[in-house]
Amino acid sequence: MTDNRFFNRSELIGILVLAAFLVVVLPLTLDVFRLNLVAKYLTYAFVALGLVICWGYGGILSLGQGVFFGLGGYCMAMFLKLEASSVENTKIQSTPGIPDFMDWNQITALPFFWKPFNSLTFTIAAIILVPGIFALIIGTAMFKRRVGGTYFAIITQAVAAIMTILIVGQQGYTGGINGMTDLRTLKGWDIRPDHAKIVLYFFEVGCLFACIMIAQFVRHSKLGRILVAMREKEDRVRFSGYSVANFKIFAFCIAAVFAAIGGAMFALNVGFMSPSFVGIVPSIEMVIYTAVGGRLSILGAIYGTLLVNFAKTSLSETFPELWLFGLGGLFIAVVLAFPNGLAGIWGDYVQPRIDRLIASRKSKPEGWTDSSVADGAPAE
């Protein structure tokens, strides 16, 4: 029988444990610097969460999620950069009132496509709509022609490479290889002090849990069941009268929007945005986060993101030249040893033991005692 509950018992416990870990344990045990690092890690968790829907349930492996992460990040960075580029802050430039990198490239007026980003409302809408529309265009072009599998993964890699080249090449409009730096305030509120970092951390955690609820809703809805059926037997779903292309487009678009939200939070928390987060390498790393946590588990993808980034930071600080080898070895280990990631290990080995322990305790009648122990004999 299908469990139609929004959360079963283990999922509810997992949500509460994650909430306690992120909201209580980490803020009480970490200093502001380390907590801001966790906030940076959590921005990638949005991408991993989208990949659970797209790759885990829909069977669509995208190796270009960095594109959407970058689009969301650049949308937020454009708003923050315009606010930091007021006439008063840029009066030493030859053209005050425009971002510094534009002035360095002899641009004398704000480009027309930058002007709407003076509005925070427009920026928030753009963070959702720009990557969503871009994913819709790519998905329609590919899935309507039944392009999928390895071919789709390679095409998304190509898109990531093209986007990186475009951003770097248009230095006067995007900041080039250096990206957009010196992001200072959000509607006059300074985002650089420690107390601001703490507020942004809790805001990001709230957004993450909102996305978890959306992903959980998709998973338990009829749409989620169709995505799983489509992943297993695509032809059967098509012959049943469903439009497989439309379901794939939806899964790809929701993954793009989640990634863009993560990118926007990255720009807010870290204070800059650059093309180094858009290309092929970061996109593949984002897939690894999901694989390590478990591509079929919403919470597992988040834990996997935190674990891999924590390991990356630790190894990079101690053995910087070995990190890429460690990352490659980790991915190979996931594929060969535990293909369902951390969530698979938990579901196959840990959860059954917990269930047996709970069941054994419930099966004992009230007031039951072991006679050997009651008589004073040592318990084995």
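A. Expanded view of the overall build of the chain. Within the chain, the regular secondary structure consists of 16 helices and two strands. Considering only C-alpha atoms, the chain reaches an extent of 90 × 55 × 40 Å along its principal axes. Put simply, the chain has 380 residues, and 47% of those count as buried. Counted over contacts in the chain with a minimum sequence separation of 6, partners at least 24 positions apart contribute 77%. If you sum the accessible surface of the chain, you get close to 19,200 Å²; carbon and sulfur atoms cover 66% of it.

B. Structural view of the environment of Pro282. Examined against the element boundaries, Pro282 turns out to sit in helix α12 (residues 280-293). The spacing of Pro282 and Gln65 is 217 residues in sequence and 8.5 Å in space, taken between C-alpha atoms.

C. Quick peek at the nonpolar core. Among the nonpolar cores identified, the biggest contains 112 residues, and Leu22, Leu42, Tyr201, Leu208, Ile212 and Leu227 are the most heavily contacted of them. No other element matches the 20 residues that helix α11 (residues 244-270) contributes to this core. Ignoring anything within four residues of it in the chain, the contact list for Leu22 reads Pro27, Leu42, Tyr201, Val205, Leu208, Phe209 and Leu306.

D. Representation of helix α9 (residues 222-232). Leu223, Gly224, Ile226, Leu227 and Met230 are the residues of α9 that are buried. Along the axis of α9, the buried positions cluster into a sector of 160°, meaning they face one direction only.

How each quantity is defined
Residues numbered from 1 in each chain as written. Predicted model: local features only at pLDDT ≥ 70, side-chain atom pairs only at ≥ 80, totals over all residues. Heavy atoms only, no water. Helix = DSSP H or I, 4+ residues; strand = E, 2+ residues; numbered from the N terminus. Buried < 20%, exposed > 50% of the residue type's maximum accessible area, 1.4 Å probe, protein only. Contact = heavy atoms within 4.5 Å. Areas by Shrake-Rupley, 256 points an atom, 1.4 Å probe, with all protein chains shown as cover. Core = buried A, V, L, I, M, F, W, Y, C linked by side-chain atoms within 4.5 Å. Arc of directions from axis to C-beta.

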